[in-house]
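Structural overview
This is what each chain is made of:
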Amino acid sequence: MGSAGQMIAFPETALFYLLFPYTLWGFIFSLRYKVKKSYILIYFIFITSLILALFEGNMGTLFRHRSIMLYFIFIFTAAGIVELKRKMKWASSMKLS
C-alpha cells in the first residue's frame, strides 16, 4: 500500500477480483437468456469504457474512474450468484429424488 487512495480502494478491488468468476457467469447468462434486458447495461459499460479510454490521458485517472463501472459490473455479479445458487439448488434437489 503506497498511499491512502490505495488503502481505500483495496476492499472494493479485492471484492471485485474474488467475485470475478460470478461476473463472467452473470454476463454469459444475461447474453444467453436475457439479451434484450441487458442491452442497455452492456452498451453503457462499453460506451463509458470507450469514452474513458479515449479521453483520459493517464492510467491513474482511469483507475480512479473505475468506480463508475463497478456498480454496473456488480449487477452482472449478482445475476451470476443468483443463477449459480439456483442451479446448485436444482442439482441438490435432483440428488435427493
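All of the points below concern the structure found in this document. Since we're looking at a predicted model, the values are computed, not measured.

The rules behind each value
Residues numbered from 1 in each chain as written. Predicted model: local features only at pLDDT ≥ 70, side-chain atom pairs only at ≥ 80, totals over all residues. Heavy atoms only, no water. Helix = DSSP H or I, 4+ residues; strand = E, 2+ residues; numbered from the N terminus. Contact = heavy atoms within 4.5 Å. Areas by Shrake-Rupley, 256 points an atom, 1.4 Å probe, with all protein chains shown as cover. Expected span 1.5 Å × (residues − 1). Buried < 20%, exposed > 50% of the residue type's maximum accessible area, 1.4 Å probe, protein only. Arc of directions from axis to C-beta. Salt bridge = Lys/Arg side-chain N within 4 Å of Asp/Glu carboxyl O. Core = buried A, V, L, I, M, F, W, Y, C linked by side-chain atoms within 4.5 Å. Axes fitted to C-alpha atoms, helices over the stretch in contact; angles between N-to-C directions. Parallel < 35°, antiparallel > 145°, perpendicular 65-115°, else oblique. Nonpolar A, V, L, I, M, F, W, Y, C, P; charged D, E, K, R; others polar. Phe/Tyr/Trp six-rings, centres within 6.5 Å; stacked < 30°, edge-to-face > 60°.

Moving on, we get to the overall build of the chain. A tally of regular secondary structure across the chain gives five helices and zero strands. Traced from its N-terminal end to its C-terminal end, the chain shows the element sequence α-α-α-α-α. Intrachain contacts of the chain at a sequence separation of at least 6 include 75% that bridge at least 24 residues. Of the roughly 7600 Å² of accessible surface on the chain, 73% is carried by carbon and sulfur atoms.

A word on helix α2 (residues 20–33). The end-to-end C-alpha distance of α2, which contains 14 residues, comes to 20 Å, matching closely the 20 Å that a straight helix rising 1.5 Å per residue would cover. Taken residue by residue, α2 has T23, G26, F29 and S30 as its buried positions. One side of α2 carries all its buried residues, which in axial view fall inside an arc of 130°. Turned more than 90 degrees away from the buried face of α2, the exposed residues are P21 and R32.

On to the pattern of salt bridges. Under the counting rule described, the total for this entry stands at one salt bridge. E83 is the salt-bridge partner of R86, the closest N and O atoms lying 2.5 Å from each other. Of this pair, R86 and E83 both sit in helix α5 (residues 66–96), three residues apart, which is roughly one turn of that helix.

Across soluble globular proteins, you tend to see nonpolar side chains buried next to one another. Listed in full, the eight residues of the largest apolar core are F16, L41, I42, I45, M69, L70, I73 and F76. Among the elements that take part in this core, α5 stands out by supplying four residues, more than any other. In this view, M69 contacts I45, T48 and S49; residues no more than four positions away in its chain are not counted.

This brings us to the packing of α2 against helix α3 (residues 35–55). Contact pair α2 / α3: the axes reach a minimum separation of 7 Å and the direction vectors enclose 130°. Relative to α3, the element α2 is oriented oblique. Two secondary-structure elements touch here, α2 through F27, S30, L31, R32 and Y33 and α3 through V35, S38 and I42. Counted by class, the contact of α2 with α3 contains five nonpolar, two polar and one charged residues.

Attention shifts here to the packing of aromatic side chains. Tallied over the full model, the rule gives three aromatic pairs. Ring plane angle 80° and centroid distance 5.2 Å describe the contact between F27 and F76, whose orientation is recorded as edge-to-face. Of this pair, F27 sits in helix α2 while F76 sits in helix α5, placing them 49 residues apart in sequence. By relative accessible area, F27 is classed as partly exposed at 31%. Residues F29 and Y33 carry aromatic rings whose centres are separated by 5.3 Å and whose planes lie at 45° to one another, so their mutual orientation is tilted. Separated by four residues within a single helix, F29 and Y33 lie in helix α2, roughly one turn from each other. Given the relative accessible area of 17%, F29 is considered buried. Y33 gets classed as exposed once you look at its relative accessible area, which sits at 55%.

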